[in-house]
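The chain contents come next:
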Amino acid sequence: MVAVRSGSGETRRLPGVEGVWVFVAADMVFFALLFVSFMLGRQEATAVFEASRQTLDVNFGGINTLILLTSSWCVVLAVEAVKRNALDQVPRLIAGAFLLGVAFMVSKALEYGGKIKAGISMLSNDFYMYYFTLTGIHLLHVFAGNILLIVLWNKARARQFSADRCVVLECGATYWHMVDLLWIVLFPLLYLLR
Amino acid sequence: MIRHVTTLVWLFLMLATIATTWWLSKDGFSPRVGTVAIFAIAAFKVRLVLLYFMELRTAPLPWRLIFEAWVLLATAAIVGIYLSTPPVASA
């Protein structure tokens, strides 16, 4: 591992490969358009949106945020461990990130279950249409991320990562942080904006 | 050293989440003040994830700026539309 340093400081470097960043940027633009669409929908029917919002349980939203933040942090620690060549720690950290990802899905399933039991669906009104669509698309991202984490966990156990071979891990990390980041906006948008 | 920085960032993100979810969203704050504060904090959180977790702080500047612009535009759009929407008459 040769650290190239210029006179003014460390070299600037984009983690992973550029293609992943292009994908992440495009996905984020797509979500931003959904956020705007939700806000414009709310403008048309503020009272309905507010009444429906109040039926959501902020505890689910808040705890899910804490879960994803901690999962992201585990991935950060995994990347840092690989770069220090502390390879023993890596599978455990990725497993932790994965289990938290699963916890997010379980919590979402409980939340959806409660809504459906109360007779609420996507068709109930525009707010719930947005609620189920936005959280549903996000949940698919979490699901894909969990599969990715299993792949990374297997690679980590097979010792396929090291300080100079961590591009694949970095790509997965970038994607997983994006999933976290989108929820950081989605949660206040749906649950807290009053 | 880096480990400590990202752990501090994580700790801050957790505390900021707890404050917005179980404090700023409550009736002690007027909806407008609470909501704008919540989105300002959310934007700051997203920026921390981008800069520290996704390592854009040490990435080539154009990449960093693209993502910082996203935070700015997304937040401005949400808060802008929110503030231009008449408040709900309290029940």
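Conventions used here
- Residues numbered from 1 in each chain as written.
- Chains lettered and ligands numbered in written order.
- Predicted model: local features only at pLDDT ≥ 70, side-chain atom pairs only at ≥ 80, totals over all residues.
- Helix = DSSP H or I, 4+ residues; strand = E, 2+ residues; numbered from the N terminus.
- Rg over C-alpha atoms; globule rule 2.2 N^0.38 Å.
- Contact = placed C-beta atoms within 7 Å.
- Buried ≥ 20, exposed ≤ 12 C-beta atoms within 10 Å, placed from the backbone.
- Core = buried A, V, L, I, M, F, W, Y, C linked by C-beta atoms within 7 Å.
- Nonpolar A, V, L, I, M, F, W, Y, C, P; charged D, E, K, R; others polar.
- Expected span 1.5 Å × (residues − 1).
- Axes fitted to C-alpha atoms, helices over the stretch in contact; angles between N-to-C directions.
- Parallel < 35°, antiparallel > 145°, perpendicular 65-115°, else oblique.
- pLDDT = per-residue confidence, 0-100.
- Left-handed = near helix turned anticlockwise from the far one by under 90°.

## Quick look at the overall build of chain B
Here comes step 1: Looking only at helices and strands, chain B features three helices and zero strands.
Here comes step 2: Secondary structure elements of chain B occur, N-terminal to C-terminal, as α-α-α.
Here comes step 3: Taking 12 Å as the expected radius of gyration for a compact globule of 91 residues, we find that chain B reaches 16 Å, considerably beyond that expectation.
Here comes step 4: By principal-axis analysis of the C-alpha atoms, chain B measures approximately 50 × 25 × 10 Å.
Here comes step 5: Taking all contacts inside chain B whose residues are at least 6 apart in sequence as the whole, residues at least 24 apart take part in 59%.

## Notes on the overall build of chain A
Here comes step 1: Along chain A, the regular secondary structure elements total six helices and two strands.
Here comes step 2: Helices and strands in chain A line up, N terminus first, as β-β-α-α-α-α-α-α.
Here comes step 3: By principal-axis analysis of the C-alpha atoms, chain A measures approximately 60 × 35 × 20 Å.
Here comes step 4: Here chain A holds 194 residues, and 40% of them are scored as buried.
Here comes step 5: A separation threshold of at least 6 residues defines the contact pool for chain A, and within that pool the share at least 24 residues apart is 83%.

## Side note on the nonpolar core
Here comes step 1: In this structure, Ala78(A), Ile94(A) and Val185(A) are the most contacted members of the largest nonpolar core, which totals 76 residues.
Here comes step 2: For this core, the secondary structure elements donating two or more residues are helix H1 (18–44), helix H3 (58–83), helix H4 (89–117), helix H5 (126–157) and helix H6 (167–192) of chain A together with helix H1 (2–24), helix H2 (31–53) and helix H3 (61–84) of chain B.
Here comes step 3: Looking at which element gives the most residues to this core, the answer is H6(A), with 18 residues.
Here comes step 4: Residues within four places of Val185(A) in sequence aside, it is in contact with Phe35(A), Ala42(B), Val46(B) and Ala74(B).

## Quick notes on the interface of chain A and chain B
Here comes step 1: Every contact between the two is made by 39 residues of chain A and, on the other side, 36 residues of chain B.
Here comes step 2: Listing elements by their share of the side of chain A that touches chain B, those giving two or more residues are H1, helix H2 (46–53), H3 and H6 of chain A.
Here comes step 3: Among the residues making up the side of chain A that touches chain B, the classes are represented as 23 nonpolar, eight polar and eight charged.

## A closer look at H3(A)
Here comes step 1: The end-to-end C-alpha distance of H3(A), which contains 26 residues, comes to 38 Å, matching closely the 38 Å that a straight helix rising 1.5 Å per residue would cover.
Here comes step 2: Once H3(A) ends, the next one or two residues include Asn85(A), with phi positive near 60 degrees.

## Re the packing of H1(A) against H3(B)
Here comes step 1: Across the interface, H1(A) lies against H3(B) with an axial gap of 9 Å and an inter-helix angle of 5 degrees. When the axes of H1(A) and H3(B) are compared, the pair comes out roughly parallel. Here Trp21(A), Ala25(A), Met28(A), Ala32(A), Phe35(A), Val36(A), Met39(A), Leu40(A) and Gln43(A) of H1(A) come into contact with H3(B), specifically with Trp63(B), Ile66(B), Trp70(B), Ala74(B), Ala77(B), Ile78(B), Ile81(B) and Tyr82(B).
Here comes step 2: Among the residues forming the contact of H1(A) with H3(B), the class breakdown is 16 nonpolar, one polar and no charged.

## A closer look at the confidence of the model for chain A
Here comes step 1: Looking at chain A as a whole, the pLDDT averages 94, with 95% of positions reaching at least 70.
Here comes step 2: Of the regions scoring below 50 in pLDDT, residues 1–7 of chain A engages in six contacts with residues more than four places distant in sequence or in other chains.

## A closer look at the confidence of the model for chain B
Residues and elements named next belong to chain B.
Here comes step 1: The pLDDT averaged across chain B works out to 93; a share of 93% of its residues lies at or above 70.
Here comes step 2: Per-element confidence in chain B ranges from a low mean pLDDT of 92 for H1 to a high of 98 for H3.
Here comes step 3: Taken over the whole predicted complex, pTM reads 0.93, whereas the ipTM for its chain interfaces reads 0.94.

## As for H6(A)
Here comes step 1: With 26 residues, H6(A) should reach 38 Å at 1.5 Å per residue; the first-to-last C-alpha distance of 37 Å fits that figure.
Here comes step 2: Across the 26 residues that make up H6(A), a large majority, 24, are buried.

## Examining the packing of H5(A) against H6(A)
All names here are of chain A.
Here comes step 1: Running from amino to carboxyl end, H5 crosses H6 at an angle of 155 degrees, the nearest separation of the two axes being 10 Å. As summarised for this structure, H5 and H6 are arranged roughly antiparallel, according to the angle between their axes. Crossing of H5 over H6 shows left-handed handedness. Along its contact with H5, which presents Tyr131, Leu134, Thr135, His138, His141, Val142, Gly145, Leu148, Leu152 and Lys155, the element H6 presents Val168, Leu169, Gly172, Tyr175, Trp176, Val179, Leu182, Trp183, Leu186 and Leu190.
Here comes step 2: Considered class by class, the residues forming the contact of H5 with H6 number 14 nonpolar, five polar and one charged.

## Quick word on unusual backbone geometry
Here comes step 1: For Arg159(A), which is not glycine, the phi dihedral falls at a positive 60 degrees.
Here comes step 2: Here Arg159(A) lies in the loop between H5 and H6.
Here comes step 3: Classification of Arg159(A) as exposed rests on a count of 12 C-beta atoms within 10 Å.
Here comes step 4: Not every positive phi belongs to a glycine, and Glu55(B) is a case in point at roughly 60 degrees.
Here comes step 5: Examined against the element boundaries, Glu55(B) turns out to sit in the loop between H2 and H3.

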